[in-house]
Amino acid sequence: MGRAVVIGATGQIGRVAVEALATDGWEVTAVSRGGGRDESWPDGVRTARADRADDLALADAVGDGCDVLVDMVAYGPEHARQLTKLAGRVGSAVVISSVSVYEDDKGRNFDTQEQPDGFPEYPVPVSEDQRTIAPGETSYSTRKAGLERELLAAADELPTTLLRAGAIHGPHCRTPRELYFVKRNLDGRRRRVLAYRGESRFHPASVHNIAELVRLAARRPGARVLNAVDPEAPTVAEIAVAVDAVMGVETESVLVDGPAPAETVGDTPWSVPHPVVCDMAAAERELGYRAVARYARTLPDTVAWIERQLAGRDWREAYPKMFQNYGDLFDYAAEDAWLRT
């Protein structure tokens, strides 16, 4: 198939994408800051050490050239410019973006969600022609939008497939939403409060499905934007039940109409007032994509990984970014006080 260079190869998606490309016949160079390798990779995978921000190290990893450059860790327009500088040595690129770049027809997006009535109300499902947030330097979403804008403008120099990932799940995740239910079960909590009657839907995206999209896009270069999510978008209540089933427990759900009744009660990492559900028709049409993983089938690996990370550790030590992003997810005292009322 030619040569593929994967930046961010030892991250959550990168590990699986490297394996998918190598198994498909690509000569893969796996680039990461530590230069390590994953035990799942075939022996032929080469490794290279490079910091994403080091232009010279990245250029050295690309070497004389590659047929496809896969970038898991591009976050802003400066990274897009870094990639386009390599255009003469790179046939095409596949770059991970995010569904957070979307905004609704009233200009609401993930950055406005904390405002009164600020959460976006997208069509169900959201297709790739939905309007997007203005590029900028103020947030993750605006920087991803800037990344997309720069790469699409340079499509003649470097044809790029941008994959807008949903709520990514799988082992090696630094911010696993499933932690919310896994830790509660480990702590023996047999009642849970769910805002919006547990009906919130925030479309998950398996690392295996994203890796399959990477594999297909590498085979079929082009300038395009595609959603990258699972075939199903389960509700938060359905996810809770699925985690219970994996862990062999039964938990009662206390369903609340509307938002969380208190600051640290009932607000899960999936809790949204309006569904975020994406359309995969474009990927099916343009790449011949078919999902290779379903949420419930891959969930045992995710749960087992989280349990290993939590063993003998405070959850804030094991997952500091979860605490940073969501605050105290396990304020049992506040939850018990509310339940008593």
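Structural notes, computed from the coordinates. The written sequence of each chain sets the order in which its residues are numbered from 1. This being a predicted model, a pLDDT of at least 70 is required before a residue's local features are given, and a value of 80 or more before pairs of side-chain atoms are given or counted; all residues contribute to the totals for chains, interfaces and linings. The side-chain numbers reported here are obtained from all heavy atoms of the structure, hydrogens and water having been left aside.

So, the packing of helix α3 (residues 77-84) against helix α4 (residues 140-153)
A fitted line through C-alpha atoms represents every axis, and for helices the fit uses only the stretch in contact; the resulting angles, taken between N-to-C directions, go from 0 to 180 degrees. Helix and strand definitions follow DSSP, with helices as H or I runs of at least four residues and strands as E runs of at least two, each counted in order from the N terminus. The N-to-C vectors of α3 and α4 enclose an angle of 25 degrees; their axes lie 7 Å apart at closest approach. Viewed along their axes, α3 and α4 adopt a mutual orientation that is roughly parallel. Here α3 and α4 pass one another in a crossing that is right-handed. In this structure, α3 contributes Pro 77, Glu 78, His 79, Ala 80, Arg 81, Leu 83 and Thr 84 to the contact, and α4 contributes Arg 143, Gly 146, Leu 147, Glu 150 and Leu 151. Its residues placed into classes, the contact of α3 with α4 shows 5 nonpolar, 3 polar and 4 charged. We call two directions roughly parallel when the angle between them is under 35 degrees, roughly antiparallel when it is over 145, roughly perpendicular when it lies between 65 and 115, and oblique otherwise. What makes a crossing left-handed is the near helix being turned counterclockwise from the far one by less than a right angle; a clockwise turn instead makes it right-handed. Residue contacts are defined here by distance: any two heavy atoms, one from each residue, within 4.5 Å place the two residues in contact. All residues other than Ala, Val, Leu, Ile, Met, Phe, Trp, Tyr, Cys, Pro, Asp, Glu, Lys and Arg, Gly among them, are scored as polar; the first ten of these are nonpolar and the last four charged.

Section: the environment of Ser 92
Relative to the helices and strands, Ser 92 is located in strand β5 (residues 90-98). Here the alpha-carbon distance between Ser 92 and Arg 219, two residues 127 residues apart in the chain, equals 9.9 Å. When residues no more than four places from it in sequence are discounted, the contact partners of Ser 92 are Asp 67, Val 68, Leu 69, Leu 158, Pro 159 and Pro 221.

Examining the nonpolar core
For this analysis, a nonpolar core means a set of buried residues of the types Ala, Val, Leu, Ile, Met, Phe, Trp, Tyr and Cys, connected via side-chain atoms within 4.5 Å. Burial classification: accessible surface area is computed with a 1.4 Å probe over protein chains only, and a residue below 20% of its type maximum counts as buried, one above 50% as exposed, and the rest as partly exposed. If you look at the biggest cluster of nonpolar residues, it comprises 75 residues, and the most contacted ones within it are Leu 21, Val 28 and Phe 181. The greatest single-element share of this core, amounting to 8 residues, is contributed by helix α6 (residues 207-219). The residues contacting Phe 181, other than those within four sequence positions of it, are Arg 192, Leu 194, Val 236, Ile 239, Ala 240, Val 243, Thr 268 and Trp 270. Ile 7, Ala 61, Ala 74 and Ala 93 belong to the second largest nonpolar core, which has 25 residues in total.

Here we look at the side chain of Thr 142
Topologically, Thr 142 is positioned in helix α4. Using a relative accessible area of 5% as the deciding quantity, one classes Thr 142 as buried. Of the polar contacts made by the side chain of Thr 142, one reaches the backbone oxygen of Gly 136; its length is 3.2 Å. Polar contact is defined as a pair of N or O atoms within 3.5 Å, subject to the rule that within protein one atom must be able to donate a hydrogen and the other to accept it, and that residues adjacent in sequence are counted only when both atoms are side-chain atoms. Within the local environment of Thr 142, its side chain forms a polar contact with the backbone nitrogen of Ser 139, the two atoms lying 3.0 Å apart. Excluding anything up to four places from it in sequence, Thr 142 contacts Asp 111, Ile 133, Ala 134, Pro 135, Gly 136 and Glu 137.

A short note on the sheet that holds strand β3 (residues 46-49)
Spatially, β3-β2-β1-β4-β5-β6-β10 is the arrangement adopted by the 7 strands of the open sheet, whose pairing is parallel. With partners counted over all chains shown, the strands left at the sheet margins are β3 and β10 (224-228), one partner each. Between one strand and the next, the sheet's axes are offset by a mean angle of 20 degrees, whatever the strand orientation. Pairing between strands is defined by DSSP: at least two bridges between the two strands are required. Where strand β1 (residues 3-7) meets strand β2 (residues 27-32), 5 bridges bridge the pair, whose relative direction is parallel. The partner of Ala 4 across the bridge, within β2, is Val 28. The sheet strands contacting helix α1 (residues 12-23) are β1, β2, β4 (66-71) and β5, and the helix crosses β2 at an angle near 165 degrees.

Here's the deal with α3
Counting buried residues in α3 gives 6 out of 8 residues, a clear majority hidden from the surface. Within α3 the residues assigned to the buried category are Pro 77, His 79, Ala 80, Gln 82, Leu 83 and Thr 84. Contacts from the buried residues of α3 go to β1, α2 (55-62), β4, β5 and α4.

Considerations on the packing of aromatic side chains
Two rings from Phe, Tyr or Trp (for Trp, the six-membered ring) form a pair when their centres sit within 6.5 Å of each other. Planes less than 30 degrees apart are called stacked, planes more than 60 degrees apart edge-to-face, and all others tilted. Applying the stated criterion across every chain yields a total of 11 aromatic pairs. On the numbers, 6.0 Å between centres and 25 degrees between planes, the contact of Phe 110 with Phe 119 is stacked. Classification of Phe 110 as buried rests on a relative accessible area of 12%. Under the relative-accessibility criterion, Phe 119 is labelled buried at 6%. Between the aromatic rings of Phe 181 and Trp 270, the centroid separation amounts to 5.6 Å while the plane-to-plane angle is 10 degrees, which identifies the pairing as stacked. Taken as a pair, Phe 181 in helix α5 (residues 179-186) and Trp 270 in the loop between β11 (252-255) and α8 (281-287) lie far apart in primary sequence, 89 residues in all. A residue is classified by how much of its surface remains accessible, and Phe 181, at 2% relative accessible area, is buried. Exposure remark for Trp 270: the relative accessible area of 2% places this residue in the buried category. One aromatic cluster is present, built from ring pairs that chain together Tyr 180, Phe 181, Trp 270, Trp 315, Phe 323, Phe 330 and Tyr 332. The criterion for a charge sitting over a ring is simple: Lys NZ or Arg CZ within 6 Å of the ring centre, and within 35 degrees of the ring normal. Seen from the ring of Phe 202, Arg 177 lies directly overhead, with NZ or CZ sitting 5.0 Å from the centre.

What to know about the packing of α1 against α6
α6 packs onto α1 with a crossing angle of 50 degrees between their chain directions and a minimal axis gap of 8 Å. Relative to α6, the element α1 lies oblique. By crossing handedness, the relation of α1 to α6 is classed as right-handed. Contact residues: α1 offers Gln 12, Ile 13, Val 16, Ala 17, Ala 20 and Leu 21, while α6 offers Val 207, His 208, Ile 210, Ala 211, Val 214, Arg 215 and Ala 218. Across the contact of α1 with α6, the residue classes tally to 10 nonpolar, 2 polar and 1 charged.

Structural notes on unusual backbone geometry
With an omega of 0 degrees, the peptide bond between Val 124 and Pro 125 qualifies as cis. Its place among the elements puts Pro 125 in the loop between β5 and α4. One non-glycine residue with positive phi stands out, namely Asp 117, at about 55 degrees. Inspection of the secondary structure puts Asp 117 in the loop between β5 and α4.

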